[in-house]
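Single-letter residue listing:
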Amino acid sequence: MNFLNAKTVWANKEFIPFKLCIASIYVIIGSYFHNFFESYYVPLFILFGISVVWTVALWLKKMKSKN
C-alpha cells in the first residue's frame with residue numbers, strides 16, 4: 001500500500017480542478033439550507049463531477065510519471 005504514501009510536487013495551476021471540486025461541493029452543501037441556490041443544483045453537480053474526474057486524472061497521471 002505504498003500508493004497513498006508517495007510524494008508528488010504540484011504546481012498552483014494543477015490545483016485549479018481540485019479547488020473547483022471543493023468549492024462546488026461547498027456550495028452544494030450550503031445551498032441545501034438556502035432556497036436561493038436551488039435553481040443551480042444541476043450546474044453545480046455537473047461542475048463537481050467534472051472537477052472530480054479531472055482531479056483524479058491529474059493525480060493518476062502524476063503518480064504514473066513519478067515511477
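About the cut-offs
Residues numbered from 1 in each chain as written. Predicted model: local features only at pLDDT ≥ 70, side-chain atom pairs only at ≥ 80, totals over all residues. Heavy atoms only, no water. Helix = DSSP H or I, 4+ residues; strand = E, 2+ residues; numbered from the N terminus. Buried < 20%, exposed > 50% of the residue type's maximum accessible area, 1.4 Å probe, protein only. Areas by Shrake-Rupley, 256 points an atom, 1.4 Å probe, with all protein chains shown as cover. Axes fitted to C-alpha atoms, helices over the stretch in contact; angles between N-to-C directions. Parallel < 35°, antiparallel > 145°, perpendicular 65-115°, else oblique. Left-handed = near helix turned anticlockwise from the far one by under 90°. Contact = heavy atoms within 4.5 Å. Nonpolar A, V, L, I, M, F, W, Y, C, P; charged D, E, K, R; others polar. Expected span 1.5 Å × (residues − 1). Arc of directions from axis to C-beta.

Let's talk about the overall build of the protein chain
Each helix and strand counted, the protein chain has 2 helices and 0 strands in total. Burial analysis of the protein chain (67 residues in total) assigns 16% to the buried set. Within the structure as shown, the protein chain displays about 5600 Å² of accessible surface, and the carbon and sulfur contribution to it stands at 70%.

Things to note about the packing of helix α1 (residues 16–31) against helix α2 (residues 41–66)
Across the interface, α1 lies against α2 with an axial gap of 8 Å and an inter-helix angle of 150°. Of the possible angle classes, the one that applies to α1 and α2 is roughly antiparallel. Note on packing geometry: the crossing formed by α1 with α2 is left-handed. Facing α1, whose interface residues are Pro17, Phe18, Leu20, Cys21, Ser24, Ile25, Val27, Ile28 and Ser31, α2 presents Tyr41, Leu44, Phe45, Leu47, Phe48, Ser51, Val52, Trp54, Thr55 and Leu58. Of the residues contributing to the contact of α1 with α2, the split by class is 15 nonpolar, 4 polar and no charged.

Concerning α1
The terminal C-alpha atoms of α1, which comprises 16 residues, lie 22 Å apart, in line with the 22 Å expected from a rise of 1.5 Å per residue. Taken residue by residue, α1 has Pro17, Cys21, Ser24, Ile28 and Ser31 as its buried positions. Considered in projection along α1, the buried side chains sweep an arc of 110° and stay on one side of the axis. Residues Lys19, Tyr26 and Ile29 are exposed on α1 and point more than 90 degrees away from its buried face. Check the buried side of α1 and you find it contacts α2.

Section: the side chain of serine 24
Secondary-structure assignment places serine 24 in helix α1. Under the relative-accessibility criterion, serine 24 is labelled buried at 2%. Ignoring sequence-local partners within four residues, the contact set of serine 24 consists of Leu44, Leu47, Phe48 and Ser51.

Examining the environment of leucine 20
You can see leucine 20 is positioned in helix α1. By relative accessible area, leucine 20 is classed as partly exposed at 32%. A C-alpha to C-alpha distance of 7.6 Å links leucine 20 and leucine 47, two positions 27 residues apart in sequence. Not counting chain neighbours up to four residues away, the residues in contact with leucine 20 comprise Leu47 and Ser51.

None of the figures reported here should be taken as evidence of function without further support.
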